[in-house]
Amino acid sequence: MKPANAWNPRWRLLACVAPAAVFFVAFWLLPVVRLLTLPATKGWATYFAVLTDSRYLQSMVNTVALSVAVTLATLVLGAAVGIYLARHAFTGKRMLLSLLTLPLSFPGVIIGFFVILLGGRQGVVADIGDSLFGERITFAYGLLGLFLAYLYFSLPRAIATYAAAAEAMNVQLEEAARSLGASRLRVAHDVWMPELAPTTLACGAILFATSMGAFGTAFTLASKFEVIPITIYNEFTNYANFALAASLSIALGIVTWLVLFVARRFGANPVAR
Amino acid sequence: MRKNTQPKAPFLLAITVLVSIFMIAPMLLSVMAGLVNNYSAGLKSGLTLRWLGEVWENYGGTVGWSLALAAACVVGTVLLGVPCAYALARSRSRAAHIFEELLTLPVAVPGLATALALILAYGQLTAFRQSFAFILVGHIVFTLPFMVRTVSSAFQRDDLLALEEAARSLGANFRQRFMGILVPAVFPAIVAGSLMVFTLSVGEFNLTWMLHTPLTRTLPVGLADSYASMRIEIGSAYTLVFFAVILPVLWGLQYLANLIQKRHGT
């Protein structure tokens, strides 16, 4: 045997990690540490602005409530569509599935624009309302508009996930339940729900995290209903209030990360799409 | 035929139809809106390519820059990510585990926070701040975990360990083993990771909007800009440009990836 190969395997592995590590430390870790320490320069109270200032607290509560509502709605609708598509064969199914998952590659701004086309001042709903009741109904810039936009970008992920999970479901269990006289609702509750629980947890956590940080959609809809990414953006660009923007970003980051962390403890992987 | 033994599910069918309409109608609507003379008058006002022409004049450059940026992002994540994925797959030490966790954080933390951090740290370096490299760095930080995770799980295959061992006992040095055996073996995973990185980078807005300057605009940034300040027809035509340019590219890459998967897959 050669005396200790010049390249000890340990060093080799370190050399392999080094480029990525240097890049990551320089362009994420150090900047984020800077972000974390910035609010301290304005006094420790700045860290708790999201809790102490009613305007920021309201914005945070809005964002969390909206994200929870969107996540729940998406899980129910996504599961229904995913299960239906996995169970039924019809012509054009593959085409439909690829159309339904296409929005995964859309930037959030496009989805905001879709909602403006539907519910904006010149939108379809406004036109229909005008011809039916003589009133132009607009909902794009309020809570309903944001909800629909968030739903739009969440659904493709849920549909794709549930379609894949439902393919793998055990049909015999369900047939047994049905032959024993279980009602549809009963089957959904006792057979589908336990089987799809891990998928639901993983998918739900990702949907929630994506909704919390969705900036593009809310930005396009320049909403009356303020969400935290827009609050951060305004503090940073309009008022040049960097310390506060940093503090709010930390709060947003903590909430999102915490949800993903808890989900992962129960076996869900955030990077697997 | 298990599919046909399924009982009818009228309730699920109804939801599926409604959701499909909700998902697909806006796409059709925006394509139509980009091609009519006057949006509020609808199809009656006639079809035109005028808006597309105007978009191309004002924003044509963003298309090329977005594609170039996504390609550069793929190159960057491959160069940084593949060796890193190998090291993480072969080392089960605590430090490696912690590093992997850290590397994944930019995915969990909202893009807005990452962008703010980058601006606070490097905003003063004017030349860097005003170049596309600034946006590229943000995109790489965000997409790197996707590449590393995908490739790392491919490196962990047992047969690969045996292959590497065999090559070593035959006297191949590390460089020969890495380029001759390991990389070809995980090539389909690298392709899959690249596709994911490309797609994420092309559509990225949350980071990019904060990082861009008037001279460094990408397609999603231009979209937001046109939505805010232009007529609804221009916004729609620009959306149509996104569909017409980006989607065929993504489909082409997807097709290529499937082809490679078939040829190199085990």
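Bear in mind that the values here come from a model prediction, so they are computed numbers and not experimental data. (Residues numbered from 1 in each chain as written. Chains lettered and ligands numbered in written order. Predicted model: local features only at pLDDT ≥ 70, side-chain atom pairs only at ≥ 80, totals over all residues. Heavy atoms only, no water.)

### Considerations on the UniProt feature "transmembrane region" (unreviewed entry) in chain B
All names here are of chain B. Under the UniProt annotation, the feature "transmembrane region" (unreviewed entry) is placed at residues 12-36, 65-89, 101-122, 128-148, 178-202 and 237-257. Strand forms 0% of residues 12-36 and helix 88%; the C-alpha atoms that close the span are 36 Å apart. As annotated, residues 128-148 comprises 90% helix and 0% strand, and the C-alpha atoms at either end are separated by 26 Å. (UniProt positions renumbered as here; feature names shortened; annotations may be inferred. Helix = DSSP H or I, 4+ residues; strand = E, 2+ residues; numbered from the N terminus.)

### Describing the interface of chain B and chain A
With 82 residues of chain B in contact, the opposing surface of chain A contributes 81 residues. In total, chain B and chain A occlude about 7500 Å² of area from one another, counting both sides; carbon and sulfur atoms represent 79% of this. Our enumeration of links across chain B and chain A arrives at one salt bridge. The closest approach of N and O atoms between Glu101(B) and Arg264(A), which form a salt bridge, is 2.5 Å. Seen at the junction of chain B and chain A, the total is eight residue pairs in polar contact (both at pLDDT 80 or more). Tallying contributions element by element places helix α1 (residues 10-33) of chain B first for the side of chain B that touches chain A, with 15 residues. Split into classes, the residues belonging to the side of chain B that touches chain A amount to 60 nonpolar, 15 polar and seven charged. (Contact = heavy atoms within 4.5 Å. Buried area = accessible area lost by both parts, 1.4 Å probe. Salt bridge = Lys/Arg side-chain N within 4 Å of Asp/Glu carboxyl O. Polar contact = N/O pair within 3.5 Å; in protein donor to acceptor, adjacent residues only side chain to side chain. Nonpolar A, V, L, I, M, F, W, Y, C, P; charged D, E, K, R; others polar.)

### Some remarks on empty space enclosed by the protein
To find leftover empty space, one rolls a probe the size of a water molecule over the atoms. For the structure on display, the rule yields two cavities of 30 Å³ or more. Of the volumes computed, that of the largest cavity is approximately 840 Å³. Around the largest cavity sit 40 residues that line it, and Arg157(A), Thr210(A), Phe142(B), Leu200(B) and Asn206(B) are the ones nearest its centre. Among the elements that take part in the lining of the largest cavity, helix α9 (residues 184-213) of chain A stands out by supplying five residues, more than any other. Residues of the lining of the largest cavity, tallied by class, amount to 25 nonpolar, 12 polar and three charged. (1 Å grid on protein atoms, 1.4 Å probe; cavity = no way out; pocket = protein on both sides within 12 Å on 5 of 7 lines; lining within 4 Å. Points joined across faces, edges and corners; volume = space filled by probe spheres on them.)

### A look at a nonpolar patch on the surface
Residue and element names in this part refer to chain A. Taken together, the side chains of Leu201, Trp257, Leu258, Val262 and Phe266 make up a nonpolar region of the molecular surface, amounting to roughly 490 Å² of accessible area. If you tally residues by element for the nonpolar patch, the top one is helix α12 (residues 242-265), at three residues. Note that Phe266 resides in the segment after α12. (Patch = residues over 30% accessible without salt bridge, like charges linked within 9 Å, V, L, I, M, F, W, Y side chains within 5 Å. Areas by Shrake-Rupley, 256 points an atom, 1.4 Å probe, with all protein chains shown as cover.)

### A closer look at the pattern of salt bridges
Scanning all chains against the criterion turns up 11 salt bridges over all chains. Its salt-bridge partner being Glu100(B), residue Arg149(B) comes within 3.4 Å of it at the nearest N-O pair. On the criterion of sequence distance, the pair formed by Arg149(B) in helix α6 (residues 132-155) and Glu100(B) in helix α3 (residues 94-108) is long-range, its members being 49 residues apart. You'll find Arg149(B) and Glu100(B) in the same group, each marked buried. Residues joined by salt bridges that share partners form a network here, namely Arg87(A), Glu174(A) and Arg178(A). (Buried < 20%, exposed > 50% of the residue type's maximum accessible area, 1.4 Å probe, protein only.)

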